[in-house]
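# Examination of the molecular architecture
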Amino acid sequence: MADLARKDADKLDEDEARAELARLADLLAKANTAYHAEDAPFISDAEYDAAKQRNARIEARFPGLKREDSPSEQVGAAPSEAFAKVRHRVKMLSLGNAFDDDDVREFDGRVRSFLGLGPDAPMTYTAEPKIDGLSLNLRYENGLLVEAATRGDGAEGENVTANARTIDDIPQRIDGAPDVLEVRGEVYMSHADFAALNERQTERGGKTFANPRNAAAGSLRQLDSRITAERPLRFFAYAWGEVSEPLADTQMSAIGRLAALGFSTNPLTATVDGPDAMIAHYEMIAEQRATLGYDIDGVVYKVNDLALQERLGFRSTTPRWATAHKFPAELAWTWLDAIDIQVGRTGALSPVARLTPVTVGGVVVSNATLHNEDYIAGRDSNGQEIRGGKDIRVGDWVQVYRAGDVIPKIADVDLDKRPGDAVPYAFPETCPDCGSEAIREPGDAVRRCTGGLICPAQAVEKLKHFVSRAAFDIEGLGAKQVEAFYHDESLPVKEPADIFTLQARDAETIAKLKNRDGWGEKSAANLFAAIDERRRIELNRVIFALGIRHVGENAANLIARHYGDWATFEAAMTEATPGDGAAWDELLNIDGVGAVMATSLVTTFHQERERASIDRLVAELDIQPVEAPSTEGSPVAGKIVVFTGTLEKMTRAEAKATAERLGAKVSGSVSAKTDLVVAGPGAGSKAKKAEELGVEMIDEDGWLALIGEA
DNA sequence: GTGCCTCGAGTTCC
DNA sequence: CTCGAGGCAC
């Protein structure tokens, strides 16, 4: 009986099967509690899946033995699917950062210059503490709370409505609000509540939390909302998402409106005029930091006038009208035990510091990035000394901080504690993984392995990139799995095409897969189904997935939109030669593609080995063409627009942003391809050229009238 | 040629 | 999140 757990599920007799089902039911129940309720799993996901499958297999053989508390009847098994996804109707963006007074002045300067205002024009901002918790979007329809979602990646978060309802600061219903109102704010835990919770957890033998933020995050993400209800979470409202009618004219009065509706708003929120007042408010909050009773990590400034906020708009990931002034990072000293080298997808050799674990800002840090060769030597990319020119050596006593409160870095070295035998770090000149020469191009900061596809480290990283979220995103085939497959000689997946031939390649594949830990027939079938589903895939994802240097998600979109379908794209890459020819010029003419990116693309398609690998992949796929996004109803969609002369009612940057939002392409020079020239006073050569070419020309008012109709 | 701005690549820990 | 580099405007 002792080895029951090891015995093949198909060979158990009836008594053994009954005992084994009981054991598995108990094990899985405990694992569930540990995972969900205590946030401290004691078995791996793979072990969990294996136990579940073993249970299902035995039940299939002895249906009569199926228990009333059978784990196969229980829902919510897969931890990652615990919460439903919610797509935010208005994106939840992050904020840009300011680290010192100069950054704050620069922020103010950027706001003014975008709006075309001088340094003396009045400009009012709000300033409020930046709460260190997790942001939440609350959706109210007709005054009733209908949905609460975490920020997630900004576009999509998790539905935690049941848990949010247990938080006292979050009203279930509100009176006098717009029909649709999304309130945004921060869920946090106070210092006192955090300490009491950890004490309680210790008494119960449960897991304690490293800091209030983790405690708040862990509590909000409980599957059982009764547990969340016992956790003392709080909420400050500071923003909004979708609203059916405007809340107010200014940020400050909108916050007042939220307070009037029954939300907690932070009492240290105030309006301030200009950078000096912003900085003064920051210092006032910094002085109170220790006595607030909850964690804050800085001060947030927002342009107060909502009409100006709208004009300022957004950059790719952050609003132009707000920034976060962060408190200086916490520092800690520890020993540097070793320096390891990692090899990236593009062959970049990145040094990583292995540290004696140390707590920095409530988190235990054991690794820190060392960037590159120069950084270790004590110089930045311009050859300027950093850390007072002190190099970093194995054995050193080093000061660590978390840049942006996230990435561990080394700030300083204590030379007095340097061991006598410490030697300067010798950066490897060959790849630690494949032994190929590692070369640093002149003017480049990184040293790269020249092994290309023959380098196992690069091949694995390329595969990870291939299955990543913005690329193929195959369900059940993440970074960990492809790495395991790569190294499993019985099921080799050495390049992307191998993923798609996995099933067909070998009739025994399923049998082989089953030998892997935690895999059964069902998981294999699921995997193949997920892979097959991804054979139909959009062109932009394919281009990004190829992992060509300098071609990221954004560039891949631009390129896909330009060529439209794979055949056209492939023909263009094959035909183009770096430096000249019509195909090369066409590539360079794509907005956002320059010579470096173009060379990288074209040479990849001309390298025999790379090309063969791409061809093998494409043969397995059904690549969907992409169309330029239709900006319906926009009078300037797809048009090439040039702004020239002095613009009086908007700045150049503003005009460009607006035009692009409406689907127009903004160019700097007038050519036969130009559709429209917007000329302000003082327009010179460009207006003249437009006239010669017969391009339509309008003034600023004409432009505003045109887009006003949009 | 210089100076933004944005993107790409690499990074850690939960 | 940060840094470096590419792309592009001035």
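Worth saying up front: this structure is predicted, and the values here are computed from it rather than measured.

## Focus on the nonpolar core
Grouped together as the largest cluster of nonpolar side chains are 60 residues, with contacts concentrated most on Phe472, Ile499, Phe500, Val551, Trp566, Phe569 and Leu587. When residues are assigned to domains, this core turns out to be shared by domain 4 (452-534) and domain 5 (538-624), each giving three or more. In this structure phenylalanine 500 touches Phe466, Phe472, Ile474, Ile531, Arg534, Arg535, Leu617, Glu620 and Leu621, once residues within four positions along its chain are discounted. Counting 32 residues, the second largest nonpolar core, distinct from the first, contains Leu134, Ala148, Ala164 and Ala237.

## Focus on the pattern of salt bridges
According to the stated counting rule, one finds 34 salt bridges in the structure shown. For the salt bridge of aspartate 396 with arginine 418, the shortest nitrogen-to-oxygen distance reads 2.8 Å. Here aspartate 396 is found in the loop between helix H11 (373-377) and strand S15 (397-403), whereas its partner arginine 418 is found in the loop between strand S16 (407-413) and strand S17 (438-439), with 22 residues between them in sequence. There is no split in this pair, since aspartate 396 and arginine 418 are both buried. Residue arginine 535 pairs with aspartate 532 through a salt bridge whose shortest N-O separation is 2.7 Å. The partly exposed category is assigned to arginine 535, whose relative accessible area is 22%. For aspartate 532, a relative accessible area of 36% gives the class partly exposed. In the salt-bridge network here, residues are joined through shared partners; they are Arg89, Arg139, Glu141, Glu147, Glu182, Arg184 and Glu242.

## Brief notes about the UniProt feature "active site" (unreviewed entry) in chain A
Here, UniProt's "active site" (unreviewed entry) annotation points to Lys130. With respect to the helices and strands, the residue lysine 130 is situated in strand S3 (residues 124-131).

## Some points on the sheet that holds strand S4 (residues 134-141)
Taken in spatial order, the four strands make up an open sheet running S5-S4-S7-S8, and their pairing is antiparallel. Edge positions in the open sheet fall to strand S5 (144-150) and strand S8 (234-243), since each of these has one partner strand only. Across the sheet, the mean angle separating the axes of adjacent strands is 30° when strand polarity is ignored. In this sheet, S5 lies alongside S4 in antiparallel orientation, the contact comprising six bridges. Residue pairing in the sheet places glutamate 141 in a bridge with leucine 144 of S5. Contacts between helix H6 (residues 212-220) and the sheet are confined to S4, S5 and strand S7 (180-188), with S4 contributing the most and set at about 40° to the helix.

## Overview of the sheet that holds strand S10 (residues 296-303)
Strands pair in a sheet through their backbones, by hydrogen bonds, and they do so in one of two ways: parallel or antiparallel. Spatial ordering of the open sheet is given by S2-S11-S10-S3-S9, a layout of five strands whose pairing is mixed. A strand with exactly one partner marks an edge of an open sheet, and here the two such strands are strand S2 (96-98) and strand S9 (270-273). For this sheet, the mean inter-axis angle between neighbouring strands, taken without regard to orientation, is 35°. Both S2 and strand S11 (residues 322-326) contribute to a ladder of three bridges, which runs parallel. The residue of S11 that forms the bridge with asparagine 97 is alanine 324. Strands S2, S3, S10 and S11 of the sheet are contacted by helix H3 (residues 101-115), whose axis makes an angle of about 175° with S11.

## Observations concerning the packing of aromatic side chains
Evaluated as defined, the whole model comprises 16 aromatic pairs. The interplanar angle of 15° and the centroid separation of 6.4 Å between the aromatic rings of tryptophan 333 and tryptophan 397 together place this pair among those described as stacked. A residue pair is termed long-range when its members are at least 10 positions apart, and tryptophan 333 in strand S12 (residues 331-343) and tryptophan 397 in strand S15 qualify at 64 residues. Residue tryptophan 333 is classed as partly exposed on the basis of its relative accessible area, which comes to 32%. Residue tryptophan 397 is classed as buried on the basis of its relative accessible area, which comes to 18%. Counting every residue linked through ring pairs, the aromatic cluster contains Tyr563, Trp566, Phe569 and Phe605. The ring centre of tyrosine 375 lies 5.0 Å from the NZ or CZ of arginine 387, which sits over that ring.

## What to know about the pairing of strand S14 (residues 363-369)
In the sheet, strand S13 (residues 349-360) pairs with S14 via six bridges, with the strands oriented antiparallel. Within S14, the residue paired with threonine 359 across the bridge is valine 364. Following S13, the chain reverses through two residues before pairing antiparallel with S14; glycine 361 in that reversal takes a positive phi of roughly 55°.

## A look at a negative patch on the surface
Among the surface-exposed residues, Asp100, Asp101, Asp102, Glu106, Glu283 and Glu287 lie close enough to one another that they form a single negatively charged patch. In terms of residue count, the dominant contributor to the negative patch is H3 (three residues). Its location among the elements puts glutamate 287 in helix H9 (residues 274-288).

## Quick look at the UniProt feature "binding site: NAD(+)" (unreviewed entry) in chain A
Annotation from UniProt places "binding site: NAD(+)" (unreviewed entry) at Asp45, Ala46, Glu47, Tyr48, Asp49, Ser94, Leu95, Glu128, Arg151, Glu186, Lys302 and Lys326. Mapped onto the secondary structure, glutamate 186 falls in strand S7. Under the relative-accessibility criterion, glutamate 186 is labelled buried at 8%. When residues no more than four places from it in sequence are discounted, the contact partners of glutamate 186 are Ile131, Asp132, Gly133, Leu134, Ser135, Arg234, Phe235, Phe236 and Tyr238. A polar contact of 3.4 Å, which involves the side chain of glutamate 186, links it to the backbone nitrogen of leucine 134.

## Some details on unusual backbone geometry
Positive phi, normally seen in glycine, also occurs at histidine 371, with a value near 60°. Summarising the element assignment, histidine 371 is placed in the loop between S14 and H11. Judged by its relative accessible area of 34%, histidine 371 is partly exposed. Here the phi dihedral of aspartate 473 falls at roughly 45°; this positive angle occurs in a residue that is not glycine. Within the secondary structure layout, aspartate 473 lies in the loop between helix H12 (456-466) and helix H13 (479-487). Classification of aspartate 473 as partly exposed rests on a relative accessible area of 35%.

What counts, and at which threshold
- Residues numbered from 1 in each chain as written.
- Chains lettered and ligands numbered in written order.
- Predicted model: local features only at pLDDT ≥ 70, side-chain atom pairs only at ≥ 80, totals over all residues.
- Heavy atoms only, no water.
- Core = buried A, V, L, I, M, F, W, Y, C linked by side-chain atoms within 4.5 Å.
- Buried < 20%, exposed > 50% of the residue type's maximum accessible area, 1.4 Å probe, protein only.
- Domains from an automatic or database assignment.
- Contact = heavy atoms within 4.5 Å.
- Salt bridge = Lys/Arg side-chain N within 4 Å of Asp/Glu carboxyl O.
- Helix = DSSP H or I, 4+ residues; strand = E, 2+ residues; numbered from the N terminus.
- UniProt positions renumbered as here; feature names shortened; annotations may be inferred.
- Pairing = 2+ DSSP bridges.
- Axes fitted to C-alpha atoms, helices over the stretch in contact; angles between N-to-C directions.
- Phe/Tyr/Trp six-rings, centres within 6.5 Å; stacked < 30°, edge-to-face > 60°.
- Lys NZ or Arg CZ within 6 Å of the ring centre and 35° of its normal.
- Patch = residues over 30% accessible without salt bridge, like charges linked within 9 Å, V, L, I, M, F, W, Y side chains within 5 Å.
- Areas by Shrake-Rupley, 256 points an atom, 1.4 Å probe, with all protein chains shown as cover.
- Lys, Arg positive; Asp, Glu negative; His and termini not counted.
- Charge placed at Lys NZ, Arg CZ, Asp CG, Glu CD.
- Polar contact = N/O pair within 3.5 Å; in protein donor to acceptor, adjacent residues only side chain to side chain.

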